[in-house]
Every structure is written in C-alpha cells, then in structure tokens.
Amino acid sequence: MLKTNRKTLLCFLLPAFFAVFATVIWPTVYTFYLAFSEGTRYFSMLIRDPIFFVSLQNIITFVLTVTIAELGLGICMATFAHGLTARSKSIMQTIFIIPIIITPIAVAAIWRIMYHPLFGIFNFTLTSIGLPAQSWLGSTVLAMPSIMMIDIWQWSFFFALLLMAGLSAMPRETSEASQIDGASRWQIFRHVELPHLKDLIIIIVVIRVIDACKTFEIFWGTTGGGPGFYTMTLNVYGYSQTFRWGHVQYGAVISLTLLLVLIFSTVFLLKRLRAK
Amino acid sequence: MINEGVKLKSIKKILRARFSRKIIGIIIVLFALFPVIWMVRTSFMYPGDALAIPPKILFTPTLSNYEYIFTAYDFGRYLFNSIIISVGAVVLAMVIGTPAAYALSRFTIKRKRDLEMFFLSTRMGLPLVILIAFFVQFRMLGLLDTHLALIIVYQAFTLPLVILMVKGFIDALPPEIEESALIDGCSRWGVLSKITLPAIAPGLIGTAIFALIFCYNEFLFASILTSVDARTAPVAIYGLISPERGLEWHHICAGATLMLLPILVLSLLVRKYLVRGLALGTAG
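Residues numbered from 1 in each chain as written. Chains lettered and ligands numbered in written order. Predicted model: local features only at pLDDT ≥ 70, side-chain atom pairs only at ≥ 80, totals over all residues. Heavy atoms only, no water.

Trainee: I keep staring at the overall build of chain B and nothing clicks. Help me out?
Mentor: From N to C terminus, chain B includes 15 helices and zero strands. Relative to its full complement of 284 residues, chain B shows a buried share of 51%. Across chain B, the fraction of contacts at a sequence separation of at least 24, relative to all contacts at a separation of at least 6, is 75%. Looking at chain B as shown, the accessible area adds up to about 13500 Å², and 71% of this sits on carbon and sulfur atoms. (Helix = DSSP H or I, 4+ residues; strand = E, 2+ residues; numbered from the N terminus. Buried < 20%, exposed > 50% of the residue type's maximum accessible area, 1.4 Å probe, protein only. Contact = heavy atoms within 4.5 Å. Areas by Shrake-Rupley, 256 points an atom, 1.4 Å probe, with all protein chains shown as cover.)

Written as structure tokens, this is what we have:
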C-alpha cells in the first residue's frame, strides 16, 4: 500500500467519524448525563423497583431462549436446504428472506390477530380438534412464550440463510468422502460440517444476541408489557417510563441498564466462544 | 432373486427419502409463509369475511381496504414519508460511509485496528439510549416531526452497516489496478470514483438496498420523533392497532402488504447480494 496524504486521509474518514460520534457516542453520553444529573437518586429508585427486576429477568430469558431456538431451527433448515437441488435451494433462499423483511410492527400485528382468543386461527385449530381455546397473549403463563414464538418465526430464517451460505462455501470433497465411507447424515453433520461452521455460528449468535436485546416492536405491538408486567422487558419499560409516563430521567437509567446487559453479554459471549 | 429383493428395498428407500424430503420441505415453506399468506389474503377481504370463523377459503375479494387506507387514513402520505426518509438516510450513509470504507480498506493508518473497532462497537449502541437523548435535544431545537431529524438519527445504525459492508467488498477487490493508477499520478478520489466504485457497483447496490430495508421498516425512532408531518408507514400501521379502533384487521393487513410489496420486489432483484450482504454484515 502506498503512503497516504494526511489531508486526503482526513477527508475520507472524518465525516464518517464525526457522524458516528454525533449519532451514537454523544447521545449515549448525554443519556448518561440525564440519568445521573441528580446524583444517584434514580439509580436507588431503580434497585427498589420490582418491575425493573421483572423486566431484567424477562429480557435475559427472552434472549437466551430465542437465540438457542433460532440457532437450532436455523441449523436444521440450513442443512436440509443444503441437500436440495440447486433450483430448489434457490427457491428456499427466496422464501427464507420474506419473514425477515416484513416490518416488525406489522409482524406483531399479524401474530396478535392470529393469537386472538375468539377469531384467531390458532384457537380455531385447537377447538376444532376438541382442545380448549387459549388466551395466548392474555395468560400470564403463555404470553411470553407466545411472543418468543413470533421472534423465533421471524429470525430463524436469518440463521438458516447465513448457514446455508456457510455450507455452500464449504469444500464438498470431505463430506462426499465421508458419505462414501458410510457415515450417516447426522455423523457427517457433526464431525465434518459443524466444525467448519463454528466461526460463522459464533458471529451470527453474537449478532443475534445483540439484536435480541434490542427487541421492541413484537412486545409493544402485542401486549405492551402485559398482562400486568409479565412480558415487560427493559427496552419496553425504559420506553414506557420515558415516553408513556413522562419520567425521562428514570427511563434513561433503565435504558442504560439494558446497555450494560448488552455490553456484558457480548463481551462474555466473545470471550467464552472464542476460547472454545 | 436375492438381487431383485435388494433392488426393491433400495428403491423403496429412495422413494421414502424423496417423499419425506418433500414433506419436510413443504412444512418449512408453510412455516415461513403461512403468516404472510394469511396477511395478504386478509387484506383483500371484507371485514365480515376477515373475522369469519371458521376461516373462509372462498371469498369475494375487494380492494376497499386499500381504498380506505389511502383515502380516509392518508396512508399514501405515510408511505411516501417512509420512502423519502429511508432513501435520504441511505444516500447520506453511502456518501459518508463509502470513502471511510475505502480508507479503512486501502490506507495505511496508525492504529487502524482501533479505528475499525470503533466503527464496529457502535453496533452495540442501544437505540433506546440514543432515542432518549435525541428526543430531549430535538425537542429543544424544534426538530421534532421533521424528515431531517430521522435522516440524521438513522445514521446511527445505517452508517456503521454501510462502512462494514462496503469495506468487505473493497477488501475482496484486488488492489493492483488501483495501485498502478496511483503510480501513474491519479488522485485517491480519482481512483475511488473511476476504478473502485464501478468495480464494486453491484455490491454497493446490494448494500444500499440492505440498509434501505432497515430504515424503511424502522419503528422505535419513528414512533417518538415523528407525529403528523413526518409520520412513517410503520407508525401508521401501529396506529391501526390501537384499542379504540377495534378489530381493523383488514386495514392493518392492507397497510402491511402495501409496505411489503416494494421491499419484496427490491429484495428479489438483489437476492444474491442480500445474502452476501447479510454474510458480510455479520462477519466482523
């Protein structure tokens, strides 16, 4: 590489650097200021707030469950699609893109309709085979799993698409050789394909964990945190405190807690998974 | 006779494998598309049909839902806002981000690794944290409910994405042609515009559409930073879910289908680059 003129360097990089600073770094610092401008007052409010702890628990459960489920489903669908003919694979690829590109608030609305206790398709199916209708979004037990299902539906295909690409990039000789040697499909997957995909899987999981912490629309558009506070997450809670109930500074503290959760999970994941 | 027995068994095995493969394939496709098909179907139904139990397979289709959201609900304007804002945000991000991506890829810079880490770590920027700060400041500056406000705020997640993806494309390009042009006296800007950009043009388009989808579908920032003038389509759809309006499913589905259509067409056109973009966007 040739040496670069200093002025050119700045010209190329400075606008982006400035834009990122102004739209990400500075707002984060400002929110810190909002949260702690009156000392630790809001922080002590936080640790005495039961809803805060419920929200924290909910987001952690949510992120863990959906990531694992989406990874599992994604791997299954990717390996299945990988074994198809080129034309079928291409069709699958197109189909897999569709859930991902629908705006999440509409996804929330559609699933809310399907979950409707009286007119929804799920309860209709249940009652026609003699099972009792469920209150999917109204039951304290079912609400969270129902919302998790929405996320799993939309993002499993994200894993599937990327893993399909990863599998396609793998040299075929090794799996074909193993197949000739008599290995079963499962054995081939475990000992040949999986190690190859390990790095890709780590990256996708980290990305998905970060994005799962940020999940908002499917909670907001279905239950808004209810019933009671059973589906309240840190994101929805911070948003509600700030914009629904007007407690801007308290909402700021809550949002920073979520930021902490996000940073810790990412660092933790990267350390643990890279070491493997 | 033994040979024939063996042949029959293996034929049966192949048929069963092909059969179960088709079944699994159909299950997966249904899993992916069922809610979408249901949504599109409902958008063409009269309210009575939409709510019908058991669900109607045959029904008289209607365009009245689309008519309604355009006339009585002004959805056309909200869709227009969404397009303006997302295109504006992506154009800005591409203009700022492409040179930066080029610099990160080609230039020798002191502490380049740290710089790359800087841009990458912004992925962990939490939208809610950023939203609260922008809300307070924009309120003071009177910038609420403007298109510009969202175009600026959307840089927070669009710009890092663009930089990452474009850098990936530039990295994959062999630098020899650029280097010989530089030796011949071409400026860095010249190299960028006349050599690099044309070479990665498909990748640039893929990146732009990928970023466009995120801005277009965005709800969180739009819900707070807009109200009447700059309201976007996702916010409008949420407005249809409010309890006062009752079960307006047919309208909601019409709005959602309408939102999906342009994005679907775009995605299919650049499908190749979308998947590659997804891969590059996640590769660190």
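Next comes the rest of the account.
Trainee: Quick question: what am I supposed to make of the environment of Ala177(A) here?
Mentor: Structurally, Ala177(A) can be placed in helix α8 (residues 172-180). Through-space distance from the C-alpha of Ala177(A) to that of Phe96(A) is 30 Å; in sequence the pair is 81 residues apart.

Trainee: What am I meant to see in the interface of chain B and chain A here?
Mentor: Reports of interface size often rely on the accessible area that becomes lost once the parts have come together. Across the boundary between the two partners, chain B contributes 89 residues, which contact 88 residues of chain A. With both sides pooled, the region where chain B packs onto chain A buries about 7900 Å², and carbon together with sulfur makes up 82% of that total. Taken together, chain B and chain A are joined by one salt bridge. Residues Asp211(A) and Arg123(B) are paired through a salt bridge, measuring 3.3 Å at the closest nitrogen-oxygen approach. The tally of links from chain B across to chain A stands at 11 residue pairs in polar contact (both at pLDDT 80 or more). In terms of residues, the side of chain B that touches chain A owes the most to one element, helix α1 (residues 2-43) of chain B, which gives 13 residues. Here the side of chain B that touches chain A is composed, by residue class, of 70 nonpolar, 12 polar and seven charged. (Buried area = accessible area lost by both parts, 1.4 Å probe. Salt bridge = Lys/Arg side-chain N within 4 Å of Asp/Glu carboxyl O. Polar contact = N/O pair within 3.5 Å; in protein donor to acceptor, adjacent residues only side chain to side chain. Nonpolar A, V, L, I, M, F, W, Y, C, P; charged D, E, K, R; others polar.)

Trainee: Teacher, can you tell me more about the packing of aromatic side chains here?
Mentor: Think of a pair of aromatic rings as described by two things: how far the centres are apart, and how the planes are tilted against each other in angle. Counted by the stated rule, this structure contains 37 aromatic pairs over all chains. When the centroid spacing of 5.3 Å and the interplanar angle of 50° are considered together, the rings of Tyr154(B) and Phe157(B) count as tilted. In this structure an aromatic cluster arises from ring pairing among Phe216(A), Trp220(A), Tyr239(A), Phe243(A), Phe135(B), Phe219(B) and Tyr238(B). If you follow Arg231(B) out to its NZ or CZ, it ends over the ring of Tyr78(B), 5.2 Å from the centre. (Phe/Tyr/Trp six-rings, centres within 6.5 Å; stacked < 30°, edge-to-face > 60°. Lys NZ or Arg CZ within 6 Å of the ring centre and 35° of its normal.)

Trainee: I would appreciate a short explanation of the confidence of the model for chain B in the present structure.
Mentor: One rule of thumb: low pLDDT means the predicted coordinates there are not for detailed reading. Model confidence for chain B is summarised by a mean pLDDT of 88, while 90% of its residues fall at 70 or above. Reported confidence for the predicted complex is 0.90 by ipTM and 0.90 by pTM. (pLDDT = per-residue confidence, 0-100.)

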